[in-house]
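# Summary of structural features
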Amino acid sequence: MKKALTLIFLEDEYKQTELIQDIFHQIENIIIIGHAHSELKLIRMLKEFLPDFLLIKSEMISYEFLLKLYPLVNNSEVKILILSYNYRDEENIKELFKKLK
């Protein structure tokens, strides 16, 4: 039997939260262990739980948030997935990656 993978996600919109939960509940071996509506709540959850994956809405990424997130996940095996609803063209994608540098 495969080990279940754990996930915490950051999403502030109710409808998108429901959609994410519905999708991941259908995937075997992935367990949502937390959902945060704010960066602060996600940071608190990371101090308590160390998931296999973080799913973060791209529009909620800020430089300050990354400064707080980095020390918590730097030496861990947490994989960070970025969820984007609005990055459909090359310019927007470049801007997102500038934020992540």
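Up top you'll find the structure we're talking about.
Residues numbered from 1 in each chain as written. Predicted model: local features only at pLDDT ≥ 70, side-chain atom pairs only at ≥ 80, totals over all residues. Heavy atoms only, no water.

## Observations regarding the overall build of the protein
To be explicit about the condition: Note on conventions: DSSP H or I runs of at least 4 residues are helices, E runs of at least 2 residues are strands, and numbering of each starts at the N terminus. The contact rule is simple, with two residues in contact once any of their heavy atoms fall within 4.5 Å. Accessibility throughout is a Shrake-Rupley quantity obtained with a 1.4 Å probe, and a residue counts as covered only by protein chains that appear here.
When you go through the protein residue by residue, the secondary structure sums to 4 helices and 4 strands. Starting at the N terminus and walking to the C terminus, you meet the elements of the protein as β-α-β-α-β-α-β-α. Partitioning the contacts of the protein with sequence separation of at least 6, the portion at a separation of at least 24 is 70%. Accessible surface computed for the protein: about 7100 Å², of which carbon and sulfur atoms make up 55%.

## Concerning unusual backbone geometry
Note the following rule: In this scheme, a residue with accessible area under 20% of its type's maximum is buried, one over 50% is exposed, and one in between is partly exposed, where area comes from a 1.4 Å probe on protein chains only.
Its identity is not glycine, yet asparagine 29 carries a phi of approximately 70°, on the positive side. Take asparagine 29: it is sitting in the loop between helix H1 (14–25) and strand E2 (30–36). A relative accessible area of 29% places asparagine 29 in the partly exposed class.

## Some remarks on the pairing of strand E1 (residues 5–10)
Where a strand is regular, its side chains alternate between the two sheet faces. To keep it simple, the criterion reads: The rule for pairing is simple: two strands pair if DSSP sees at least two bridges between them.
Of all 6 residues that make up E1, 5 are buried, and the element is covered over most of its length. Here E1 runs beside strand E3 (residues 53–57); their pairing, made up of 4 bridges, is parallel. Within E3, the position partnered with isoleucine 8 by the bridge is leucine 54.

## Focus on the sheet that holds E2
Under the convention used in this document: Axis definition: a line fit to C-alpha positions, over the contact stretch in the case of helices; interaxial angles, taken between N-to-C directions, run 0 to 180 degrees.
An order of E2-E1-E3-E4 is seen for the 4 strands of this open sheet, with the pairing classed as parallel. One side of each edge strand has no neighbouring strand; the edge strands of this open sheet are E2 and strand E4 (79–83). Adjacent strand axes in the sheet meet at a mean angle of 25° when their direction is disregarded. Where E3 and E4 come together, 5 bridges link them in parallel fashion. Of the residues in E4, the one forming a bridge with leucine 55 is leucine 81. Set on the sheet, helix H2 (residues 39–48) makes contact with E1, E2 and E3; between it and E2 the angle comes to about 130°. Here helix H3 (residues 63–73) sits on the sheet in contact with E1, E3 and E4, set at roughly 175° to E3.

## Quick look at the side chain of lysine 57
Looking at the secondary structure, you find lysine 57 in strand E3. By relative accessible area, lysine 57 is classed as buried at 4%. Apart from the residues lying within four places of it in its own chain, the contact partners of lysine 57 are Leu10, Glu11, Asp12, Glu13, Leu83 and Tyr85.

## Observations regarding the nonpolar core
As a reminder, the rule being used: Nonpolar cores are built from buried Ala, Val, Leu, Ile, Met, Phe, Trp, Tyr and Cys residues. Side-chain atoms within 4.5 Å join them into one set.
Leu10, Leu42, Leu54, Ile56, Phe65 and Leu69 are the most contacted members of the largest nonpolar core, which has 15 residues in total. Going through the elements one at a time, E1, H2, E3 and H3 are the ones with two or more residues in this core. Here this core gets 4 residues from one element, more than from any other, and that element is H2. In this structure leucine 69 touches Ile43, Leu46, Leu54, Ile56 and Ile80, once residues within four positions along its chain are discounted.

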